[in-house]
Amino acid sequence: MSLIERVTQSATLPEVDRPDPAKLVSGDPVHTTWNIEDVDGLYCGMWESTPGAWQVSYAEWEYIRILSGYSILRGEDGSETHLRVGDSYIIRPGFAGVWEVVETTLKDYVIRA
């Protein structure tokens, strides 16, 4: 393994899944994940979802950068965060709400559990 690795969709085989049906709010979103790193509670890679909405609850830290598409994070407190191309955010443990993908969204992510 190289100590420097470019993050691309071709770096690893994708995992494809859908949200837990109990958490689904609308649509039939398909999630594709390219996991690049999984070491000692650190995870990073790329994630893409087709349109739909589902409930989320974060117990970990996640840094994201939106590469394409448009999504909205709606907090249980009524807040709305619009995620657009070029945006970077940190989602902290304790955030709960709904992730809605309006336009197929691709993001880079780094998660620290």
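All of the points below concern the structure found in this document. (Residues numbered from 1 in each chain as written. Predicted model: local features only at pLDDT ≥ 70, side-chain atom pairs only at ≥ 80, totals over all residues. Heavy atoms only, no water.)

Considerations on the overall build of the protein chain
A tally of helices and strands in the protein chain yields zero helices and nine strands. For the protein chain, whose C-alpha radius of gyration is 14 Å, the value lies close to the compact-globule estimate of 13 Å for 113 residues. Here the protein chain has roughly 6800 Å² of accessible surface; of this, 52% comes from carbon and sulfur atoms. Within the protein chain, the 18 negative side-chain charges are centred at a point lying 4 Å from the centre of the 9 positive side-chain charges. (Helix = DSSP H or I, 4+ residues; strand = E, 2+ residues; numbered from the N terminus. Rg over C-alpha atoms; globule rule 2.2 N^0.38 Å. Areas by Shrake-Rupley, 256 points an atom, 1.4 Å probe, with all protein chains shown as cover. Lys, Arg positive; Asp, Glu negative; His and termini not counted. Charge placed at Lys NZ, Arg CZ, Asp CG, Glu CD.)

Remarks on a nonpolar patch on the surface
Where nonpolar side chains cluster on the molecular surface, the patch consists of Leu42, Trp61, Tyr63, Ile90 and Val110 and spans about 440 Å² of accessible area. Residue Val110 is classed as partly exposed on the basis of its relative accessible area of 36%. (Patch = residues over 30% accessible without salt bridge, like charges linked within 9 Å, V, L, I, M, F, W, Y side chains within 5 Å. Salt bridge = Lys/Arg side-chain N within 4 Å of Asp/Glu carboxyl O. Buried < 20%, exposed > 50% of the residue type's maximum accessible area, 1.4 Å probe, protein only.)

Digging into the pattern of salt bridges
The tally for this structure, following the rule as stated, stands at four salt bridges. Here Glu80 and Arg74 are joined by a salt bridge, their closest N and O atoms 3.0 Å apart. Note that Glu100 and Arg74 form a salt bridge whose closest N and O atoms lie 2.3 Å from each other. Taken together, the residues Glu100 in strand E9 (residues 96-112) and Arg74 in strand E6 (residues 61-75) connect sequence positions 26 residues apart.

So, the nonpolar core
Among the nonpolar cores identified, the biggest contains 13 residues, and Trp47, Trp54, Ile64, Leu83, Ile91 and Trp99 are the most heavily contacted of them. When contributions to this core are tallied by element, the ones reaching two or more residues are strand E5 (52-57), E6 and E9. Considering every element that reaches this core, the biggest residue donor is E9, with four residues. (Core = buried A, V, L, I, M, F, W, Y, C linked by side-chain atoms within 4.5 Å.)

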